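Overview (structure and organization)
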Amino acid sequence: KAGVTQTPRYLIKTRGQQVTLSCSPISGHRSVSWYQQTPGQGLQFLFEYFSETQRNKGNFPGRFSGRQFSNSRSEMNVSTLELGDSALYLCASSLDTGEEKLFFGSGTQLSVL
Amino acid sequence: SQQGEEDPQALSIQEGENATMNCSYKTSINNLQWYRQNSGRGLVHLILIRSNEREKHSGRLRVTLDTSKKSSSLLITASRAADTASYFCATGPRESQGNLIFGKGTKLSVKP
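Residue positions are given per chain, counting from 1 as you read along its sequence in written order. To read the labels, note that chains go from A and ligands from 1, taken in the order they are written. For a predicted model such as this one, the threshold for reporting local features is a pLDDT of at least 70, and the threshold for listing and counting side-chain atom pairs is 80 or more; totals across whole chains, interfaces and linings nevertheless cover every residue. The basis for the side-chain values is all heavy atoms of the structure; hydrogens and waters are excluded.

**Some words on the interface of chain A and chain B**
The contact rule is simple, with two residues in contact once any of their heavy atoms fall within 4.5 Å. The interface is formed by 23 residues belonging to chain A together with 21 residues belonging to chain B. Once two parts are brought into contact, the accessible area they lose, counted with a 1.4 Å probe and summed over both, makes up the buried area. Surface buried jointly by chain A and chain B totals about 1900 Å² across both partners, of which 43% is contributed by carbon and sulfur atoms. Summed over the three residues of chain A that lose the most area to chain B, namely Leu43(A), Glu100(A) and Phe104(A), the buried surface amounts to 33% of that side. Contacts described as polar in this section are N or O atom pairs within 3.5 Å, which, within protein, must combine one atom able to donate a hydrogen with one able to accept it, while residues neighboring in sequence count only if both atoms come from side chains. On inspection of chain A and its partner chain B, the count reaches five residue pairs in polar contact (both at pLDDT 80 or more). For helices the rule is a DSSP run of H or I covering at least 4 residues; for strands it is a run of E covering at least 2, with both sets numbered from the N terminus onward. Among the secondary structure elements, those contributing two or more residues to the side of chain A that touches chain B are strand E4 (31-38), strand E5 (42-50), strand E6 (53-57) and strand E9 (87-94) of chain A.

This is the structure in structure tokens:
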């Protein structure tokens, strides 16, 4: 079974631009979560989607948004990029049948210049 | 906000030695999980211990949970150079599954 796939692996953008990151969960997994990881703040929860609905949202500004498609694939979008958005963005999927462990992708390393 | 806090922040040991990492958390939990992250990569789930369990083993890993002290420890026995990574504990609120709250991690370095 293929793991969680995130694309692209690396991304360089400039301030003010917007970016879209993609995540394909493990086949059969219906829950997708997104996390931001920075050296200063560590791993912070962005949002979680299940069956195309946002189920939980972390404490991030409205510039951060996401969606999930009917095939469980998910995208997150960051508009009007700021220098502080530079981070490793991690996507994780789970079955959502009571098994709580998450399966993570390798992440997208975003650099904002 | 961080729920778990790992201790120590960094740990350096020789191959063959045991490594112990601790995690403290603040609110009541359904379970506590440990994950490993190799530099710049995604996290890998290691072990999950439920709130009604006190100890769990998986290969060279041993996890304990003390809900009265709101703390957990991860022991890696007979460490190998390949165990070099950051280790994170994670807890989730009872009503949600994907919303895990991670600590800042312990960076383990195992020298050959």
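**Here's the deal with the environment of Gly62(A)**
Here Gly62(A) shows up in the loop between E6 and strand E7 (64-68). The spacing of Gly62(A) and Val78(A) is 16 residues in sequence and 8.8 Å in space, taken between C-alpha atoms.

**A closer look at the layout of surface pockets**
Here the largest pocket defines a volume of roughly 560 Å³. Lining of the largest pocket is provided by 22 residues; of these, Gln37(A), Gln37(B), Ser86(B), Phe88(B) and Lys107(B) occupy positions nearest its centre. Taken together, the elements giving at least two residues each to the lining of the largest pocket come down to E4 and E9 of chain A together with strand E9 (85-91) and strand E11 (106-111) of chain B. Residues are grouped as follows: Ala, Val, Leu, Ile, Met, Phe, Trp, Tyr, Cys and Pro are nonpolar; Asp, Glu, Lys and Arg are charged; every other residue, Gly included, is polar. Of the residues in the lining of the largest pocket, the class split is six nonpolar, 14 polar and two charged. Of the two site types, the cavity is a set of points on a 1 Å grid over the protein atoms alone where a 1.4 Å probe fits but cannot get out, and the pocket is an open set with protein on both sides within 12 Å along at least five of seven lines, each lined by residues with an atom within 4 Å of a point. Grid points are joined across faces, edges and corners, and a volume is the space filled by probe spheres set on the points.

**Quick look at the sheet that holds strand E8 (residues 74-78) of chain A**
Residue and element names in this part refer to chain A. Sheet architecture is open: four strands sit in the order E1-E3-E8-E7, paired in antiparallel fashion. Of all the strands in the sheet, the pair left with one neighbour each is strand E1 (5-7) and E7. Going from strand to strand, the sheet's axes swing by 15 degrees on average, the running direction of each strand aside. Here, strands pair whenever DSSP counts at least two bridges between them. Pairing between E7 and E8: five bridges, direction antiparallel. Bridge pairing in E8 places Phe64 opposite Val78. Interaxial angle, 0 to 180 degrees, is taken between N-to-C directions of lines fitted to C-alpha atoms, where a helix line uses only the stretch in contact.

These figures capture arrangement, not role.
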